[in-house]
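# Overview (structure and organization)
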Amino acid sequence: MRAARPAARILLVDREHRVLLFRFVTGDERAPFWCTPGGALDPGESYEAAARRELYEETGIHADPGPQVAQRTVDFLTVERVEVTADERWFRVDVDACDLDTTGHTELERRVMTEWRWFAREEIANWPEAIYPDDLIAMLEATDDA
């Protein structure tokens, strides 16, 4: 049985229209993959509050996540090897390019989030490792004018 996992995800976009992604290396049979900042809600936390907290914890950026720009339900295996059905709410945050402060990462994040970088959209389609969500470019384009 899959666990329910409400989560806030962030499309963090710099002034050059690049998106920030973190590289995950789980240490199991899964190949490394890249995904946006974000994570599960704490008990009693709203999606907006979780987006603000996750953005700060994972990047050191204090910013208002604004309104939700997308919602999706997706099944996956977490890095802790728990099968979940995630109710993901997406937020877009536009920032000037900056160095990240990852000192807020948890022990697990320090272990599995091995690197980060800003990706130009043309890099995403042909990147040799998996990037999640699969339709990231379409999500970015849909929110460009939001």
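Look a little higher up for the structure.
Before going into details, it helps to say that this report is about the structure given with it. Predicted model, so just to flag it, every value in this text is computed and none were measured.

### A word on the overall build of the protein chain
Per the secondary structure count, the protein chain includes four helices and eight strands. Reading the protein chain from its N end, one meets helices and strands in the order β-β-β-β-α-β-β-α-β-α-β-α. If you line up the protein chain on its principal axes, its C-alpha atoms span 40 × 35 × 30 Å. Counting only residues that meet the buried cut, the protein chain has 41% of its 146 residues in that class. A fraction of 67% describes how many contacts in the protein chain between residues 6 or more apart in sequence connect residues 24 or more apart. Total accessible area computed for the protein chain in this model is approximately 7800 Å², and 50% of it derives from carbon and sulfur atoms.

### Some details on unusual backbone geometry
Cis rather than trans, the peptide bond between Tyr132 and Pro133 has omega equal to 5°. Within the secondary structure, Pro133 sits in the loop between strand S8 (130-132) and helix H4 (136-143). At His17, a residue that is not glycine, the phi angle is positive and equals roughly 70°. Within the element layout of this structure, His17 appears in the loop between strand S1 (3-13) and strand S2 (19-24). Although it is not a glycine, Arg81 sits at a positive phi angle of roughly 70°. Assessed through its relative accessible area of 44%, Arg81 is described here as partly exposed.

### Concerning the side chain of Arg53
Looking at where Arg53 falls in the secondary structure, it is placed in helix H1 (residues 47-59). A polar side-chain atom of Arg53 sits 3.4 Å from a polar atom in the side chain of Asp42. Apart from the residues lying within four places of it in its own chain, the contact partners of Arg53 are Ala40, Leu41, Asp42 and Glu45.

### Examining the nonpolar core
Ranked by size, the top nonpolar core spans 21 residues in total, and within it Leu12 and Phe24 carry the most contacts. At four residues, the largest contribution of residues to this core is made by H1. For Leu12, the contacting residues outside a window of four places in its chain are Arg18, Val19, Leu20, Leu55, Thr59, Ile61, Val93, Val95 and Trp118. The next biggest cluster of nonpolar side chains, apart from the first, holds 12 residues, and it includes Val13, Ile131, Leu136 and Leu140.

### Concerning the packing of aromatic side chains
The geometry of an aromatic ring pair is captured by two quantities: the separation of the ring centres and the angle between the planes. Within this structure, the stated rule accounts for five aromatic pairs. Aromatic side chains Phe33 and Tyr132 sit 5.7 Å apart centroid to centroid with 65° between the ring planes, which places their arrangement in the edge-to-face category. One end of the pair, Phe33, is in strand S3 (residues 33-35); the other, Tyr132, is in strand S8, and 99 residues separate them in sequence. When its relative accessible area of 14% is taken as the criterion, Phe33 is described as buried.

### Some words on the pairing of strand S5 (residues 68-77)
With nine bridges connecting them, S5 and strand S6 (residues 83-94) associate as antiparallel partners. By the bridge assignment, Asp75 is partnered in S6 with Thr85.

Rules used in this analysis
- Chains are numbered independently. Their residues run from 1 in the order of the written sequence.
- Two thresholds apply to this predicted model, a pLDDT of at least 70 for residue-level local features and 80 or more for giving and counting side-chain atom pairs, whereas whole-chain, interface and lining totals are computed over all residues.
- Hydrogens and waters are ignored; side-chain quantities use all the structure's heavy atoms.
- Secondary structure follows DSSP: runs of H or I at least 4 residues long count as helices, runs of E at least 2 residues long count as strands, and numbering of each begins at the N terminus.
- Between buried and exposed lies partly exposed: a residue is buried under 20% and exposed over 50% of the maximum accessible area for its type, with that area taken using a 1.4 Å probe on protein chains only.
- Whether two residues are in contact is decided by their heavy atoms: any pair within 4.5 Å suffices.
- The accessible surface values rely on the Shrake-Rupley method and a 1.4 Å probe; as for residues, cover is taken only from the protein chains in view.
- Polar contacts here mean pairs of N or O atoms no more than 3.5 Å apart (in protein, one a potential hydrogen donor and the other a potential acceptor; neighbouring residues in sequence count only if both atoms are side-chain atoms).
- The set of buried Ala, Val, Leu, Ile, Met, Phe, Trp, Tyr and Cys residues whose side-chain atoms join them within 4.5 Å is what this entry labels a nonpolar core.
- When two rings of Phe, Tyr or Trp (its six-membered ring) have centres within 6.5 Å they constitute a pair, described as stacked for plane angles under 30 degrees, edge-to-face for angles over 60, and tilted for the intermediate range.
- Between any two strands, at least two bridges found by DSSP are needed for them to pair.

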